[in-house]
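Summary of the model geometry
What follows is the residue order along each chain.
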Amino acid sequence: MGYSKTGQYARGILTRLYSRAFIMVEPDGSNRVVFVSIDIGMVSQRLRLEVLSRLQNKYGSLYRRDNVILSGTHTHSGPAGYFQYTTFVVASEGFSNRTFEYMVTGIVKSIEIAHTNMKPGKIFINKGTVDGAQINRSPTSYLRNPQSERARYSSNTDKEMVLLKMVDLNGEELGLISWFAIHPVSMKNTNHLVNSDNVGYASYLFEQEKNKGYLPGEGPYVAAFASSNLGDVSPNVLGPHCTNTGESCENANSSCPIGGPSMCVAVGPGQDMFESTQIIGRIIYDKAKELYESASQEVTGPLASAHQWVNMTDVTVWLNSTHTAKTCKPALGYSFAAGTIDGFGTLNFTQGMMEGDSFWDTLRDQVLGKPSEEIKECHKPKPVLLHTGELLKPHPWHPDIVDVQIVTLGFLAITAIPGEFTTMSGRRLRQAVQEEFEAYGMLNMTVVISGLCNVYTHYITTYEEYQAQRYEAASTIYGPHTLSAYIQLFRVLAKAIATGTVANLSSGPEPPFFEELMSPLIPNIVDRVPSGTNFGDILLPANATYRVGEVVEVTFVGANPKNSAENRTHQTFLTVEKYEATSATWQIMHNDASWETRFYWHKGLLGLSNATIQWHIPDTAQPGTYRIKYFGHSRKQDSLKPAVLLSFESSPSVFEVITTW
């Protein structure tokens, strides 16, 4: 989920995706807040509603819509299919209840673990500048913002990282939350392996360091690298170049002289996307480590939270004391279909399109009906490609009801943003919220933007950036005054917290929860094996010996990995194990969450498939005897009976690792 690229199906796993939950409670237990950072593209409204429902069933009124923030890291290499609005259902090629259930269960479980593990402790905060990890991917749009405003900032991206360090009263380290604005798109739209991208790699490095001796995702220490105002921020720091000529295509249309926009691609710092992910992730990790080790300012003060549901299609925005404007019903502009320099669209649209195209307009009118004059007028200068706010079948194509939410921990305010704010949009919101707190006596507040929270509404540019109609502006679905509306709404929440009047806030119109969503286009079929074989049989074994730095590869008779989301007998698709002669046992060194391993699934015909496991032997590997094992679940169905999922594990493929020949 993320690139909206047809044919970008998951075909294996590079790393596991995690939900990381943090619960902060006042000593007397009166007020509490929950922050959850989740390795997914974005939190969907349906996901949030279901998580809140299950929390209520288990904990009553302890965890609620106002004090629980769910934030996606925005990895573009996580599964799709967990949305209820038709635009995202179509992009996901259906609603997958299997995926949805697995996500909800994992998120709730992470909150439950945090709930049972609470202990008295302290939080320290630190801030610092991260260099070399990001560029602005729409710099010409950024330049539309007033020169006087731009002059206040040294860069066209937000380089500041804000970090919270959590320890218990004995000084034992518990975890960290970091906010930093970067798109997790180091892994390109040609990738087919599930993974958590650059910010996930930063989490991986930090947790591996703090959880010595544990496999990934299994230690007590939790490090969340959460999203922020990343709307126009790319990690592909070498910038956009024409893939055919090598020349720069840093222009208002991100287009190349030969080949057009599809040739204009931003390049990361590594030799390939795997290395780029690790380079950017390590830059983020290194800065976090530095800030973590020097964090000394304690966060003190009460906890508070405020939340409203708002009909974002009908907000009156006060531009000044006499003039108002309104938000619009949702619509996507032409340049939405162009994609970005991080992942271009499959059709030949360009960024910065200021007028429609008669071919696409006619096709849309015939298939979906014509957009109203009202919606076209409201969104100007955006040429409307999809009038999603007027498309209601089989369900509304975009949300009308959107969450706005702030939680405060003493002098820290976390604003939960339902989408992707650009750099300058984030700066304006932070400033406005800080000013509002100040006006009502809460001085020197630190305001952080937490992105991709609660419901997904695409992008939010400034009014000036909107005029340029690049991808981010074309994807600002509630029209040119969207940012002003959010600033107004978040001011209301800040004032309520500062004046102690949260109880007087109206909850707003409740969002819908749709039934009968379109099921996935890919059917569940029975897994089969070639005659004379069983699931997990080795087709291509490992070599006898390998050196450090080489890649071990083993291929097995496979079964559809999706089955393992329903039958959870095995918690990993693979293990790399080392023989310990002293105890005559096999020790698990790596699983499918390890960055050193890759699990590939090769889909064949009529239910046949293979699984290939790679181990990229790290420099730290000790010489000795190793084996690779594969774990899975096969779907079996006898006539007229319901399908059953049967677990299996492979016979091991054994080999030696030596340091020299």
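Residues numbered from 1 in each chain as written. Predicted model: local features only at pLDDT ≥ 70, side-chain atom pairs only at ≥ 80, totals over all residues. Heavy atoms only, no water.

Each pair of aromatic rings is reported with the distance of its centres and the angle of its planes. Inspection of every chain in the model, using the stated rule, returns 31 aromatic pairs. Both rings, one in F88 and one in Y456, keep their centres 5.7 Å apart while their planes meet at 55°; by these two values the pair is tilted. On the criterion of sequence distance, the pair formed by F88 in helix α2 (residues 86–91) and Y456 in the loop between β24 (446–450) and β25 (459–460) is long-range, its members being 368 residues apart. Given a relative accessible area of 4%, F88 falls into the buried group. With a relative accessible area of 7%, Y456 lands in the buried category. Relative to Y292, the ring of F206 has its centre 5.3 Å away and its plane inclined at 75°; by these criteria the two rings are edge-to-face. Of the two residues, F206 sits in helix α6 (residues 197–210) while Y292 sits in helix α7 (residues 273–294), which places them 86 residues apart along the sequence. The exposure class of Y292 is buried, given its relative accessible area of 1%. Cluster of aromatic residues (ring-pair linked, three or more members): F535, F556, F573, F599, Y630 and F648. Note that R46 overlies the ring of F95, its terminal NZ or CZ placed 5.1 Å from the centroid. When the ring centre of W309 is taken as origin, the NZ or CZ atom of R65, which lies over that ring, is 5.0 Å away. (Phe/Tyr/Trp six-rings, centres within 6.5 Å; stacked < 30°, edge-to-face > 60°. Helix = DSSP H or I, 4+ residues; strand = E, 2+ residues; numbered from the N terminus. Buried < 20%, exposed > 50% of the residue type's maximum accessible area, 1.4 Å probe, protein only. Lys NZ or Arg CZ within 6 Å of the ring centre and 35° of its normal.)

With that settled, consider the UniProt feature "domain: Neutral/alkaline non-lysosomal ceramidase N-terminal" (unreviewed entry) in the chain. Listed under "domain: Neutral/alkaline non-lysosomal ceramidase N-terminal" (unreviewed entry) in the UniProt record, and renumbered for this structure, are residues 1–488. A distance of 31 Å separates the end C-alpha atoms of residues 1–488, which is 28% helix and 23% strand. (UniProt positions renumbered as here; feature names shortened; annotations may be inferred.)

All right, on to empty space enclosed by the protein then. Tallied over the entire structure, the rule returns six cavities of 30 Å³ or more. Reported here for the largest cavity is a volume of approximately 100 Å³. Around the largest cavity, the lining is made up of 15 residues, and of these Y18, R20, G200, Y204 and A593 lie nearest the centre. Counting residues per element, the lining of the largest cavity draws most heavily on α6, which supplies five residues. Among the residues making up the lining of the largest cavity, the classes are represented as five nonpolar, six polar and four charged. Considered as a void within the structure, the second largest cavity measures approximately 60 Å³ in volume. (1 Å grid on protein atoms, 1.4 Å probe; cavity = no way out; pocket = protein on both sides within 12 Å on 5 of 7 lines; lining within 4 Å. Points joined across faces, edges and corners; volume = space filled by probe spheres on them. Nonpolar A, V, L, I, M, F, W, Y, C, P; charged D, E, K, R; others polar.)

On to the packing of α6 against α7, then. One can describe the packing of α6 onto α7 by two numbers: an axis separation of 7 Å at closest approach and a directional angle of 50°. With respect to α7, the axis of α6 lies oblique. Judged by the twist between their axes, the crossing of α6 over α7 is right-handed. Together, D197, N198, V199, Y201, A202, L205, F206, E209 and K210 of α6 and T277, Q278, I280, G281, R282, I284, Y285, A288, K289 and Y292 of α7 make up the contact between the two elements. When the residues that make up the contact of α6 with α7 are grouped by side-chain class, the tally is 10 nonpolar, four polar and five charged. (Axes fitted to C-alpha atoms, helices over the stretch in contact; angles between N-to-C directions. Parallel < 35°, antiparallel > 145°, perpendicular 65-115°, else oblique. Left-handed = near helix turned anticlockwise from the far one by under 90°. Contact = heavy atoms within 4.5 Å.)

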